Amino acid sequence: MTQTLLQVKDLKTHFFLEDGVVPAVDGVSFHLNRGETLAVVGESGSGKSITATSIMRLIPNPPGRIVGGEILFNGEDLLKKTEKEMRAIRGNRISMIFQEPMTSLNPVFRVGHQIAESLMVHQGLNKQEALEKSIEMLRLTGIPSPEKRAHDFPHQMSGGMRQRVMIAMALCCRPELLIADEPTTALDVTIQAQILDLMLELKEQLGTAIIMITHDLAVVAEVADRAVVMYCGKLVEEAPVLELFDNPLHPYTRGLLKSIPHINDNQERLYMIEGMVPALTNLPPGCSFAPRCPEARPRCHVERPSLKEVSPGRRVSCWLHEGGVR
Amino acid sequence: MLKYIVKRLLLLIPVLFGISLFVFLVLHLFTADPAAMMLGQHATAEQVAALREELGFNKPLYVQFGIFLSQIVQGDFGRSLMTRAPVTDELLTRFPATVELAVAAMLIATVVGVTIGVISAVKQYSIFDYLSMVGALLGVSMPIFWLGLMLIILFSVTLGWLPVSGRIAVGMEPTAITHFYLLDSLLTGNWEAFKSALSHLILPAVALASYSMAIIARMTRSTMLEVIRQDYIRTARSKGLAESVVVFKHALRNALIPVTTVIGLQMGSLLGGAVLTETVFSWPGIGSFIVNAILAGDFPVVQGGVIMVATIFVVVNLIVDILYAYLDPRIKYS
Ligand SMILES: Nc1ncnc2c1ncn2[C@@H]1O[C@H](COP(=O)(O)OP(=O)(O)OP(=O)(O)O)[C@@H](O)[C@H]1O
Ligand SMILES: [Mg+2]
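The rules behind these values
Residues numbered from 1 in each chain as written. Chains lettered and ligands numbered in written order. Predicted model: local features only at pLDDT ≥ 70, side-chain atom pairs only at ≥ 80, totals over all residues. Heavy atoms only, no water. Salt bridge = Lys/Arg side-chain N within 4 Å of Asp/Glu carboxyl O. UniProt positions renumbered as here; feature names shortened; annotations may be inferred. Helix = DSSP H or I, 4+ residues; strand = E, 2+ residues; numbered from the N terminus. Pairing = 2+ DSSP bridges. Axes fitted to C-alpha atoms, helices over the stretch in contact; angles between N-to-C directions. Near = heavy atom within 4 Å. Polar contact = N/O pair within 3.5 Å; in protein donor to acceptor, adjacent residues only side chain to side chain. Areas by Shrake-Rupley, 256 points an atom, 1.4 Å probe, with all protein chains shown as cover. Nonpolar A, V, L, I, M, F, W, Y, C, P; charged D, E, K, R; others polar.

### Comments concerning the pattern of salt bridges
- Counted according to the given criterion, the structure contains 29 salt bridges over all chains.
- Across the pair B:Glu226 and B:Arg229 runs a salt bridge whose closest N-O atoms are separated by 3.4 Å.
- A single salt-bridge network, built from bridges that share partners, covers A:Glu36, A:Arg226, A:Glu238 and A:Arg315.

### Digging into the UniProt feature "transmembrane region" (unreviewed entry) in chain B
Residue and element names in this part refer to chain B.
- UniProt annotation of "transmembrane region" (unreviewed entry) refers to residues 101-122, 134-162, 197-217, 255-275 and 306-327 when read in the numbering used here.
- Taken end to end, residues 101-122 comprises 100% helix and 0% strand; its first and last C-alpha atoms sit 31 Å apart.
- Taken end to end, residues 134-162 is 79% helix and 0% strand, and its first and last C-alpha atoms sit 27 Å apart.

### Focus: the sheet that holds strand E3 (residues 37-41) of chain A
All names here are of chain A.
- One open sheet holds the 8 strands; their spatial order is E6-E7-E8-E3-E9-E10-E12-E11, and the pairing between them is mixed. Only two strands of the sheet have a single neighbouring strand rather than two, namely strand E6 (94-97) and strand E11 (308-311). Each neighbouring strand pair of the sheet contributes to a mean axis angle of 25°, computed without reference to strand direction.
- Pairing of E11 with strand E12 (residues 314-316) involves 3 bridges; the strand directions are antiparallel. Looking across to E12, one finds that lysine 308 is bridged to valine 316.

### With respect to the UniProt feature "domain: ABC transporter" (unreviewed entry) in chain A
- As recorded in UniProt, the sites labelled "domain: ABC transporter" (unreviewed entry) are residues 6-257 of chain A.
- Annotated as 38% helix and 28% strand, the span residues 6-257 of chain A places its first and last C-alpha atoms 27 Å apart.

### Some details on the site of ligand 1
Residue and element names in this part refer to chain A.
- What surrounds ligand 1 is a group of 16 residues, the closest being Ser44, Gly45, Lys48, Ser49 and Ile50.
- Between an oxygen atom of ligand 1 and a side-chain N or O atom of serine 44, the distance comes to 2.4 Å.
- Contact distances for ligand 1 include 2.9 Å between an oxygen atom and a side-chain N or O atom of lysine 48.
- Taken by itself ligand 1 offers 640 Å² of open surface, and the protein chains cover 69% of this.
- In terms of residues, the shell around ligand 1 owes the most to one element, helix H1 (residues 48-55), which gives 3 residues.
- Of the residues contributing to the shell around ligand 1, the split by class is 7 nonpolar, 6 polar and 3 charged.

Here it is as structure tokens:
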């Protein structure tokens with residue numbers, strides 16, 4: 001068995017709209033080892049969710065389409081799989097949790113049944129066995145009296161509870177990879193911590209690798225081994241988490257780090273990166289971040305930098321670091 | 001839930017009271033002399049006076065209404081002026097024919113309408129979608145009697161495939177058990193009667209169904225398009241469920257909630273349409289009977305018929321509401 005679980009190579013997912021092509025993901029490459037947690041960070045609209053949805057092959061088509069690249073999962077290219085082969089993978093070997101626990105569960109089915117469905121499809125269990133196993137999964141996620149709660153409808157549960165149900169659903173077939181797309185963003189702060197702890201605990205128990213999508217760098221510091229930073233559909237930096245926090249290389253990453261609120265901060269207002277994210281249909285010819293970059297040089301505005309390895313395990317896409325780490 | 005049903009049933013009482021009052025007032029306030037009108041212009045003054053006496057039109061209005069109410073509570077709507085038989089009996093013998101026609105039309109409208117709506121939504125902007133939505137537009141804009149006549153001309157007169165009118169070939173009536181010919185002929189194994197009843201039923205049922213079918217198809221399409229975009233559909237797909245399960249279980253089950261309301265409302269327009277359809281196809285049901293009664297000035301029949309149709313409408317609505325609660329677990333009835 002190889003170390004590498006997932007290798008995304010030059011992934012391109014574009015949306016073909018009437019007023020132009022939106023390159024939501026444009027040449028993204030990264031990898032993920034078995035049992036590892038990789039954080040994907042970036043501002044809203046940077047293409048994090050589309051990257052994740054591309055791995056699941058669930059891009060709404062039309063208007064979206066994966067137009068290039070490879071997604072090697074255990075060495076096999078998911079983009080070459082038939083729809084039937086993909087269905088056997090989804091929810092079984094790769095699962096996904098979404099940002100909106102309030103709307104991600106089907107309102108007309110009992111939660112136990114919604115978990116059981118996955119088990120019936122992938123593990124061939126009958127209804128009774130699947131329901132028993134889903135109660136077991138609910139217990140694992142720390143829901144009190146799961147045999148009763150399994151018969152609840154989603155509207156009878158709080159957001160935190162529903163996210164636990166989503167986690168139970170995602171992990172019930174013991175997937176090798178769990179993609180969590182901002183799993184805690186919609187929850188209260190105290191519940192957020194509980195859900196993150198739960199995910200980490202289950203990850204240890206089940207040995208699942210996680211791609212944690214977030215725009216909250218505090219979450220990254222807490223849960224991830226490595227992180228990739230996305231901006232306008234591209235990776236701008238990749239680093240082990242500790243190094244990323246100690247020595248961020250890309251000015252965009254520095255901006256993101258500066259905007260984390262600190263408890264012992266007397267700053268009046270939170271730091272914000274200046275300017276607006278440019279429209280994907282109308283990106284500047286040089287570095288996409290150049291118009292907002294405090295350190296931009298003339299070259300940055302005309303020539304697009306590419307992602308270069310600057311030290312083992314660290315890559316950055318910025319002209320400031322052409323000759324290695326400064 | 002049971003409590004809710006009982007409550008709704010109790011609510012039927014004031015509703016039906018209101019309907020009776022309305023029907024009573026229309027007759028007595030808007031016609032100067034009901035007795036004269038019933039008898040027509042050739043009646044003598046003595047005949048009119050005698051009828052007035054017979055029907056109690058000499059008494060004060062509130063007394064008349066009291067008598068009227070106490071009679072209908074006992075299921076007594078008086079006697080038909082045309083046939084001299086009790087109105088209740090006349091209506092009840094024609095009732096199964098109307099129900100058979102309405103149920104057949106509703107089944108066609110629902111099954112075909114929902115199916116077309118789902119396929120149109122899943123294959124949005126396909127040829128099928130365009131054709132069926134054009135069809136739906138035609139369906140809502142074509143008057144029933146016109147469509148009925150066209151169907152008769154095409155399938156009965158020109159092609160000769162189906163009978164022109166009536167409910168079954170003369171003398172073929174199956175042994176009466178439920179009084180629904182299709183059911184009775186099946187129950188008694190009377191294959192010939194079944195074929196005859198079915199061939200008579202098809203055209204009027206299709207004509208009656210067309211409007212509701214179009215509305216249901218449109219509504220299903222638009223709610224399905226709405227539902228398909230929801231997060232929980234994405235969740236269902238991410239579980240690795242087959243597309244057919246995603247569409248017909250996860251999506252349709254949610255889309256059916258608003259569609260059920262529309263189906264319930266369509267029952268109302270279906271009852272109205274039944275009157276026209278029965279007239280066009282000479283279908284021996286309540287609708288054509290009421291139309292004849294109106295033309296003949298047979299007021300007891302009109303009163304009884306309207307109250308009966310209104311009662312059916314109210315009860316059907318109750319059933320739809322209960323079905324709604326079953327489909328949508330978020331709704332709590334108390
Ligand atoms: N259905 C769609 N049609 C057209 N464009 C889309 C669609 N979905 C996404 N996009 C484009 O893709 C870009 C990236 O979207 P994505 O959802 O991946 O962002 P994100 O990084 O997950 O942001 P957020 O933090 O807000 O979730 C968006 O800016 C948008 O322009
Ligand atoms: Mg997102």
